[in-house]
Amino acid sequence: MNQLACTHCGEPCLEDQIVETDVQFCCSGCQTVYHILKDNGLSDFYRLDNAAGQSQRNNSTDYSWLSVPELQAPFIQFQDDQHTRVQLDLPAIHCTSCIWLLEHLNRLHEGVSSVQVNFGLKRATILFRQAKISIQELSELLAKIGYPPLYRSDHDQTQSLPNRRLLYQIGLAGFVFGNIMLFSFPEYLGLGIDLAGERFEQLFGYLNLILIIPVLLYSGRDYLLAAYRALSQGVATVDLPISLGIMALFGRSAYEVLSQSGPGYFDSLAGLLFFLLIGKWFQSRTFSRLSFDRDYRAYFPVAARRKESNGQLTPVALDRIQIGDRLQLRPGDLIPVDGILSAQQQVGVDYSFVTGESAPQLRQDGDLIYAGGRATQQAFEVVATKAVEQSYLLQLWRDQEGAPSSLEQNLTDRASKYFTLAVVIIGLATLAYWWPSDPAKAAYAATSVLIIACPCALALAIPFTYGAIIRVMGRYGFYLRSVQVIEKIQGLQHFIFDKTGTLCLSQASTSAPLQAKWNEQDQAIVLAMCLQSKHPKSQTLASYLVNQSIHPAPIESVVTESIGQGLSFQEYRLGQPAFCQLQEATPQNAKLCVAKNGQLLAAFGAMSNQLRPGWEQVLEQLSTNGELHLLSGDYQPSTQDWSDQIPLGNCHFEQSPFAKRAYVSALQKGGKKVAMLGDGLNDAGALNTADVGIAISEDQSSFSPASDAILAASSFPQFADLLGFIKRCRWMLYLAFAVAIAYNIIGLSFAVQGELSPVIAAILMPLSSISIVLIGLGGVYLMAWFSRLKTDQWKK
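Quick caveat, the model's predicted, so the values are computed rather than measured. (Residues numbered from 1 in each chain as written. Predicted model: local features only at pLDDT ≥ 70, side-chain atom pairs only at ≥ 80, totals over all residues. Heavy atoms only, no water.)

So, the overall build of the chain
Inference 1: A count of helices and strands for the chain gives 24 helices and 32 strands.
Inference 2: Long-range pairs, those at least 24 residues apart, make up 67% of the contacts in the chain between residues at least 6 apart in sequence.
Inference 3: Per element, the accessible surface of the chain, about 36,100 Å² overall, is 54% carbon and sulfur. (Helix = DSSP H or I, 4+ residues; strand = E, 2+ residues; numbered from the N terminus. Contact = heavy atoms within 4.5 Å. Areas by Shrake-Rupley, 256 points an atom, 1.4 Å probe, with all protein chains shown as cover.)

Here you go:
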């Protein structure tokens, strides 16, 4: 009987087959999924992979328990009035078709906003609108289309499977490699073994053939399947030339043993897979180490302000925050932990970094708020309900770890395409050259070409070299978000500086007020207002009042901050004259006013900011590589010491956050690559829009998630040197590629002559990989040592 293949999963249709016009299914589950996809215009799912629906049968798991809020809470990373974000393990993911379908999940249900898939971990991060779909319905939808999510104990059991499986593959390849070498030892010495007048080489050949088959099917399975899937989609990845070498070596060895024409080269094949897997394991360990070094302490605030029982505010390191601690957050602060809001009135929390929507979410006393949001206009307190390691803050960056970046994958696949084409051409040319005179040598030489021409060294160059750059920059106080930032830095043409908190120190100085009609109680309230703001002018006025022996009044956390304008609390207003709604004329040159019920209490002149140490050297160095700009929300100062480096036409003052972002966009529309340096307070929009957004941080507590990098304030004098170091380190990548190509050229020069044995080829390949590692890691660290960049972070 002819067995039909299921249209959905490709499995044979047995007695339960369901036949429709031109399609057939092995079960009702596959039939249901097929029609769901077809009805929603997702039939391209089947074009991406021949076995797209494999292992995607309907699932009968009961997810009704997810309707209980207490039971679903541990799996929710983030939730506000509209959105919920969950991260689910989907073990049925097996090919690019799965990724394509999951990323188009919004076409199956309008409640799904976005899906991000980590193929290596078989995990999906899903943002959905709970008003349209619940987490239970989402789980049932995933199960219906063949991706049942795992929860609870299932989640824990799948965490270590990828690494454990790799270790099993290495163990099998190493075990067989050692035994085959033992059986082949007489061949290495050119000796035979005689026992009762009979030679045993043929017996050992059969034993080696039996041993190598499980290694090929298990240890080499990933390379072969990856190459097959790439070919089925018409692309050439790094696994294709590796698979060509593996199959050429196995086919040639099996032929020699079965035809009794030779012992074969199974030791070379086992050694090749063993060293490739060792390199793969070493690479994964390197990524894990990089992820460990780049934890939340390198990117997010290192301290928060904890309110003690006596009402005093003391700084506390994030890893020392305990459940139940009361933390005070000022406008612009990043929320470090999940917690319960404590406030007398509604406050705004900006979750744009999580949901992509900039509109603040209104929260009131007792509401649960999540780490990763930002306080907007009012200061408030949060009672911590989780430690930092358990909060959503850390997950924001972990989502990007564990898989190669798109930059790495694109560069490697691009190189592999041309590499594979070149290898095939050289192999065919070698075969054609030797075939007329010596067919045996032709096959030998062509096989050697396929074996020696392995791009594994090319695949290691980017992660090791760029990973080392990121780690070294972290030691210098320059924290890069990803390897993409390294590439973007290469082509920067314009450098835009914010003034206060960036080019100038955040702490300004002020003289006595131009006019003052306030009493000690007014001053105490104004001081309390200033202490709830992170704006440099507020901090400057607070320092002035403290120096006047004023103590803050015990006010509640209800101070409202209008970005770029000022502070308000009950009948008090502090900020620009227009914001204070004064009912009388202000003194000439008044830049900062304090008012009560529209009556002027005090007026201050321009607050002078001291330029940051090293500013002149930084601007002078950067001006040779690009054009400099200055964008400031402050009034234009009377003196502009930086005018020799920054053209006056490129200096703009009284700029709102929206105007800064528009300025960056205008430069980009002209085809320019722009870097924006700001303090992360009013510059989030510009930092996010720029090609490279760099947040200057005094204590890493004013970091904006919109930035691509963080520069410690103490490292600012070396900023231009750090950029130059990153650009020079790119030559380490070129050197790594050159060495990898050199290894292949040397090996191929022997291979095409038929003078390179497979075992020597298998040794050269891991040696080339080791060379790439030494160049990537050692080269970058040697350049850092010779550069002699001295910063406080490096000394620590």
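Some words on the packing of aromatic side chains
Inference 1: The full count for this structure, using the stated rule, is eight aromatic pairs.
Inference 2: Judged by centre distance (5.1 Å) and plane angle (90°), the ring pair of tyrosine 433 and tryptophan 434 falls under edge-to-face.
Inference 3: Residue classification places tyrosine 433 among the exposed residues on the basis of a relative accessible area of 60%.
Inference 4: An aromatic cluster of three or more residues is present, and its members are Trp518, Tyr544 and Phe604.
Inference 5: Note that arginine 573 overlies the ring of phenylalanine 579, its terminal NZ or CZ placed 4.6 Å from the centroid. (Phe/Tyr/Trp six-rings, centres within 6.5 Å; stacked < 30°, edge-to-face > 60°. Buried < 20%, exposed > 50% of the residue type's maximum accessible area, 1.4 Å probe, protein only. Lys NZ or Arg CZ within 6 Å of the ring centre and 35° of its normal.)

Quick word on the pattern of salt bridges
Inference 1: In this structure the tally under the stated criterion is 13 salt bridges.
Inference 2: Note that arginine 363 is salt-bridged to aspartate 81, the shortest N-O span being 3.2 Å. Of this pair, arginine 363 sits in strand 14 (residues 361-363) while aspartate 81 sits in the loop between strand 3 (76-79) and strand 4 (83-89); the two residues are 282 residues apart in sequence, bridging distant segments of the chain.
Inference 3: Residues aspartate 325 and arginine 306 are paired through a salt bridge, measuring 3.2 Å at the closest nitrogen-oxygen approach. (Salt bridge = Lys/Arg side-chain N within 4 Å of Asp/Glu carboxyl O.)

Digging into the sheet that holds strand 26 (residues 599-604)
Inference 1: Reading across the sheet, the six strands line up as 21-26-25-24-23-22 and stay open at both edges, with antiparallel pairing between neighbours. Among the strands making up the open sheet, the edge pair consists of strand 21 (515-516) and strand 22 (560-562).
Inference 2: Strand direction decides the pairing type here: strand 23 (residues 566-569) and strand 24 (residues 572-575), joined by four bridges, are antiparallel. Residue leucine 567 lies in a different strand from strand 24, and its bridge partner there is leucine 574.
Inference 3: In the packing of helix 17 (residues 520-531) onto the sheet, the strands contacted are strand 23, strand 24, strand 25 (592-596) and strand 26, and the crossing angle to strand 24 comes to about 60°. (Pairing = 2+ DSSP bridges. Axes fitted to C-alpha atoms, helices over the stretch in contact; angles between N-to-C directions.)

Here's the deal with the nonpolar core
Inference 1: Within the largest apolar cluster, 56 residues are counted, with the highest numbers of intra-cluster contacts made by Met473, Phe478, Leu480, Phe497, Leu503 and Trp642.
Inference 2: Top element by residues in this core is helix 22 (residues 719-751). It accounts for 11 residues.
Inference 3: Phe75, Val115, Leu141 and Tyr151 belong to the second largest nonpolar core, which has 37 residues in total. (Core = buried A, V, L, I, M, F, W, Y, C linked by side-chain atoms within 4.5 Å.)

Digging into the sheet that holds strand 29 (residues 651-652)
Inference 1: Strand order in the open sheet made by the seven strands is 18-32-31-30-19-28-29, with mixed pairing throughout. This sheet does not close on itself; its edge strands, each paired only once, are strand 18 (478-480) and strand 29.
Inference 2: Where strand 18 meets strand 32 (residues 709-712), three bridges bridge the pair, whose relative direction is antiparallel. By the bridge assignment for strand 32, leucine 480 is matched with alanine 709.
Inference 3: Lying on the sheet, helix 20 (residues 657-669) is in contact with strand 19 (494-498), strand 28 (627-631), strand 29 and strand 30 (674-678); it crosses strand 19 at an angle near 175°.

Re the confidence of the model for the chain
Low-pLDDT portions of the prediction should not be read for the details of their coordinates.
Inference 1: Looking at the chain, pLDDT values average 76 and 75% of them are 70 or higher.
Inference 2: This stretch, residues 153-162, has a pLDDT under 50; its non-local contacts, to residues over four places away or in other chains, come to seven contacts. (pLDDT = per-residue confidence, 0-100.)

Looking at the environment of glycine 251
Inference 1: Along the polypeptide, glycine 251 turns up in helix 9 (residues 239-258).
Inference 2: Linking glycine 251 and tyrosine 265, residues 14 residues apart in sequence, is a C-alpha distance of 10.0 Å.

Looking at the pairing of strand 4
Inference 1: The element strand 4 is largely enclosed, with a buried count of six among its seven residues.
Inference 2: The pairing of strand 3 with strand 4 spans three bridges and is classified as antiparallel. Paired with glutamine 79 across the bridge in strand 4 is threonine 84.
Inference 3: Hairpin connection, strand 3 to strand 4: the antiparallel pair is bridged by three residues.
Inference 4: Direction of pairing for strand 4 relative to strand 6 (residues 123-129): antiparallel, over a ladder of seven bridges. From the neighbouring strand, valine 86 faces strand 6, where its bridge partner is isoleucine 126.

Focus: the environment of asparagine 106
Inference 1: Inspection of the secondary structure puts asparagine 106 in the loop between helix 3 (96-103) and strand 5 (112-118).
Inference 2: Judged by its relative accessible area of 38%, asparagine 106 is partly exposed.
Inference 3: Spatially, the C-alpha atoms of asparagine 106 and phenylalanine 128 are 9.0 Å apart, while their sequence positions differ by 22 residues.

Digging into the environment of proline 587
Inference 1: Positionally, proline 587 belongs in the loop between strand 24 and strand 25.
Inference 2: Relative accessible area serves as the criterion here: at 18%, proline 587 is assigned to the buried category.
Inference 3: A C-alpha to C-alpha distance of 8.9 Å links proline 587 and phenylalanine 604, two positions 17 residues apart in sequence.
Inference 4: If near-sequence neighbours (up to four positions away) are discounted, proline 587 is found in contact with Leu514, Gln515, Leu600 and Ala603.

Examining the side chain of threonine 84
Inference 1: Here threonine 84 lies in strand 4.
Inference 2: According to the relative accessible area criterion, threonine 84 is buried, its value standing at 2%.
Inference 3: A distance of 3.0 Å separates the side chain of threonine 84 from the side chain of glutamine 79, its partner in a polar contact.
Inference 4: Contact partners of threonine 84, with chain neighbours within four places excluded, come to Ile76, Phe78, Gln79, Ile126, Leu127, Phe128 and Gln130. (Polar contact = N/O pair within 3.5 Å; in protein donor to acceptor, adjacent residues only side chain to side chain.)

A short note on the packing of helix 8 (residues 221-232) against helix 9
Inference 1: At a minimum axis distance of 8 Å, the contact between helix 8 and helix 9 shows a crossing angle of 125°. One element, helix 8, and the other, helix 9, form an angle in the oblique class. Between helix 8 and helix 9 lies a crossing of left-handed hand. Contacts between helix 8 and helix 9 involve Tyr223, Leu224, Ala226, Ala227 and Leu231 from the former and Asp239, Leu240, Ile242, Ser243, Ile246 and Met247 from the latter.
Inference 2: Partitioned by chemical class, the residues of the contact of helix 8 with helix 9 number nine nonpolar, one polar and one charged. (Parallel < 35°, antiparallel > 145°, perpendicular 65-115°, else oblique. Left-handed = near helix turned anticlockwise from the far one by under 90°. Nonpolar A, V, L, I, M, F, W, Y, C, P; charged D, E, K, R; others polar.)

Remarks on the packing of helix 17 against helix 18 (residues 536-547)
Inference 1: Orientation of helix 17 relative to helix 18, taken along the N-to-C sense of each, is 140°, at an axis distance of 9 Å. Considered as vectors, helix 17 and helix 18 are oriented oblique to each other. The element helix 17 and its partner helix 18 pack so that their crossing is left-handed. For the pair helix 17 and helix 18, the contacting residues are Gln523, Val526, Leu527, Cys530 and Leu531 in the first and Ser538, Gln539, Leu541, Ala542, Leu545 and Val546 in the second.
Inference 2: For the contact of helix 17 with helix 18, a count of residues per class yields eight nonpolar, three polar and no charged.

Some words on helix 8
Given 3.6 residues per helical turn, the α-helix brings residues three or four places apart onto the same face.
Inference 1: Between the first and last C-alpha of helix 8 there are 16 Å, a value that for 12 residues agrees with the 16 Å anticipated at 1.5 Å per step.
Inference 2: Within helix 8, burial applies to Tyr223, Ala227 and Ala230. Projected down its long axis, helix 8 carries its buried residues within an arc of 65°, all on one side. (Expected span 1.5 Å × (residues − 1). Arc of directions from axis to C-beta.)

Here we look at unusual backbone geometry
Inference 1: Despite not being glycine, glutamine 570 has its phi angle at roughly 55°, a positive value.
Inference 2: With respect to the helices, strands and loops of the structure, glutamine 570 is situated in the loop between strand 23 and strand 24.
Inference 3: Residue glutamine 570 is classed as exposed on the basis of its relative accessible area, which comes to 65%.
Inference 4: Although it is not a glycine, asparagine 597 sits at a positive phi angle of roughly 55°.
Inference 5: Inspection of the secondary structure puts asparagine 597 in the loop between strand 25 and strand 26.
Inference 6: In this structure asparagine 597 comes out as exposed when scored by relative accessible area, which is 52%.

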